[in-house]
Amino acid sequence: MLKKSTLYKKLILVVVVIITSFVILLIGLNNLVSEKSKPYLLDKENINVTCKTGLVLGTSRYLISGGTNPYFKYRIEAASDLIKNHNIEFIIVSGDNRTKAYNEPKVMRKALIEKGVSSKRIVMDYAGLRTLDSVIRTKKVFGQDRFIIISQKFHVERAVYIARYHGIEAYGYVADDVPISKDYYTHIREVFARAKMFLDLYILNTSPKHLGKEEIIK
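Residues numbered from 1 in each chain as written. Predicted model: local features only at pLDDT ≥ 70, side-chain atom pairs only at ≥ 80, totals over all residues. Heavy atoms only, no water.

- The protein chain is annotated in an unreviewed UniProt entry as YdcF family protein from Flammeovirga kamogawensis.

Listed below in structure tokens is the structure:
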């Protein structure tokens, strides 16, 4: 009969092996997404791809603390630059509209107009509840098979991976990022978001929560 101390040591070893394997798996999946998406990320100084439509992935304009969300600020700046200085006709602002008081697309539209973007060139997607929804809806609802996704690099990489998996010719336009030292939580969360993405794509075959009627952008 095993002594309790020996049994505990074996249990601890098993737990350590499981945790280590899980961490290695997360790192591997994370690196795979970055590697597969890398060829489709555009250099701000040399955009060698022409698309009619850009897709801005939503986030809140303000932090819980009350200050401006830098992720929002940088995405709006990148989208404004893209539509003003490159051959983009329309920008889809896709985000969450869970309540009347929380409407990411409406706020993004307002911010783009403040940057001088014509309202006629902004299309609002109110059902971009998550990245997968935003990407697939851009194809199935708005009829776009080829577009540029705008967000921070870590987010763009995942969005491009989702799009390419679904046969969409998507590219990524990288907005300025927030240093990991100032927001490590978001970058850690992204590692788990990528693992969840693999479940959605390869096991669960997840679809957008809402599709609805087509609103083809012409």
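Some thoughts on the nonpolar core
- L55, V135, F147, I149 and M197 are the most contacted members of the largest nonpolar core, which totals 30 residues.
- For this core, the elements supplying multiple residues, two or more each, are α1 (4–37), β2 (53–57), β3 (90–94), α4 (131–140), β5 (146–152), α5 (153–165), β6 (169–175) and α6 (184–204).
- The leading source of residues in this core is α5, at 6 residues.
- Ignoring any residue separated from it by four or fewer positions in sequence, one finds F147 in contact with C51, T53, L55, V135, T138, I168, E169, A170 and Y171.
- Grouped together as the second largest cluster of nonpolar side chains are 24 residues, F72, I76, A78 and I122 included. (Core = buried A, V, L, I, M, F, W, Y, C linked by side-chain atoms within 4.5 Å. Buried < 20%, exposed > 50% of the residue type's maximum accessible area, 1.4 Å probe, protein only. Helix = DSSP H or I, 4+ residues; strand = E, 2+ residues; numbered from the N terminus. Contact = heavy atoms within 4.5 Å.)

Details of the layout of surface pockets
- Put simply, the largest pocket is a space of about 960 Å³.
- Surrounding the largest pocket, 36 residues form its lining, G58, T59, R75, H155 and R189 being those nearest its centre.
- Those elements that place two or more of their residues in the lining of the largest pocket are α2 (70–85), α4, α5 and α6.
- For the lining of the largest pocket, the leading source of residues is α6, giving 8 residues.
- Taken together, the residues that form the lining of the largest pocket break down as 13 nonpolar, 12 polar and 11 charged. (1 Å grid on protein atoms, 1.4 Å probe; cavity = no way out; pocket = protein on both sides within 12 Å on 5 of 7 lines; lining within 4 Å. Points joined across faces, edges and corners; volume = space filled by probe spheres on them. Nonpolar A, V, L, I, M, F, W, Y, C, P; charged D, E, K, R; others polar.)

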